[in-house]
Amino acid sequence: ARATEPLLAVRNGWVWLDGQVVLRHLNFQIRPGDCWLVHGPNGSGKSTLLRALYGDIGVASQGQIRRRGIEAGVPISEFKRRVGLIAPELQATQPLYLKVAEAVVSGLHASVGLDAPPSAAEHQQAMRILARFGAARLARRTLRELSYGQLRRVLFARAWVREPDILLLDEPFAGLDVGTRTALARRIDQAIKDGVTIVLVTHDRRDWPAGATHELQLRTGAAVYCGEMRSR
């Protein structure tokens, strides 16, 4: 049976950026084992919502985002260590001098780069996850040596390395060739079957996983639909 307490709960969620309303009056709960599909046209606020759920931006004072286990005084970094994240800005901010194994280990710390060399246990975990994503042979290469598709595989491994409670995936298949997309989509399908909680942002209907349980359709920052998956 699913736990009754949600992993994430948004109440009266409004987000302002640069003096503009980007998200307005959102209310929903994400429970363990849910797979939420967030969709809508470009500019509808999808990526901003994912950044707010992750904790990089806050909601306006009249609303709140509650995260299980994160009470007053507990740093948001504690939540981020339980989350696997894939987002365009994450790909853009990875230090290109990092070796692939180091980039994956950084996912254990929810950090960009590393403050210290990986421990033997961390390196072993990184190699295990890289093998799962067919990228173990890349471990000693630097990020700057990778193709776009190879780098996305590495970022998937980084997101999965902690065996996270929740995956936040922002356009995870954008720009990928068919073979890479198919292989990574299979990993998401398996995570859904394994009961990992997922929020997947996309504007492309072809990216909708078969196991999605809920959907949030956004238009100009507001929910057009929020609830269990409708017929496709």
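Keep in mind that this is a model prediction, so the values were computed, not measured. (Residues numbered from 1 in each chain as written. Predicted model: local features only at pLDDT ≥ 70, side-chain atom pairs only at ≥ 80, totals over all residues. Heavy atoms only, no water.)

Asker: Quick question: what am I supposed to make of empty space enclosed by the protein here?
Answerer: Which parts of space are left empty comes out when a probe the size of a water molecule is rolled across the atoms. Scanning the model with the defined rule gives four cavities of 30 Å³ or more in all. Here the largest cavity is characterised by a volume of approximately 80 Å³. Along its surface, the largest cavity is lined by Tyr-54, Lys-80, Val-83, Gly-84, Leu-85, Gly-107, Ala-110, Arg-158, Ala-159, Arg-162 and Pro-164. Elements represented by at least two residues in the lining of the largest cavity include exactly strand 5 (83-86) and helix 6 (148-160). A per-element tally of the lining of the largest cavity places strand 5 first, with three residues. (1 Å grid on protein atoms, 1.4 Å probe; cavity = no way out; pocket = protein on both sides within 12 Å on 5 of 7 lines; lining within 4 Å. Points joined across faces, edges and corners; volume = space filled by probe spheres on them. Helix = DSSP H or I, 4+ residues; strand = E, 2+ residues; numbered from the N terminus.)

Asker: Any chance you could explain the sheet that holds strand 2 (residues 20-30) here in plain terms?
Answerer: By definition, the strands of a sheet pair up through backbone hydrogen bonds, in either a parallel or an antiparallel sense. What the three strands build is an open sheet, ordered 2-1-4; its pairing is antiparallel. At either end of the open sheet lies a strand with only one pairing partner, and these are strand 2 and strand 4 (64-67). Taking each pair of neighbouring strands and ignoring which way they run, the sheet shows an average axis angle of 25 degrees. The sheet contact formed by strand 1 (residues 8-17) and strand 4 spans four bridges and is antiparallel. Across the sheet, Leu-8 pairs through a bridge with Arg-67, a residue of strand 4. With respect to the sheet, helix 1 (residues 46-54) is in contact with strand 1, strand 2 and strand 4, its orientation differing from that of strand 2 by roughly 60 degrees. (Pairing = 2+ DSSP bridges. Axes fitted to C-alpha atoms, helices over the stretch in contact; angles between N-to-C directions. Contact = heavy atoms within 4.5 Å.)

Asker: Before we go on, may I ask you to explain the layout of surface pockets in this structure?
Answerer: Space inside the largest pocket adds up to approximately 180 Å³. Lining the largest pocket, in full, are Tyr-54, Asp-56, Lys-80, Leu-85, Ala-87, Glu-89, Leu-90, Thr-93, Ala-110, Ser-111, Val-112 and Arg-158.

Treat this as a map of the structure, not an account of what it does.
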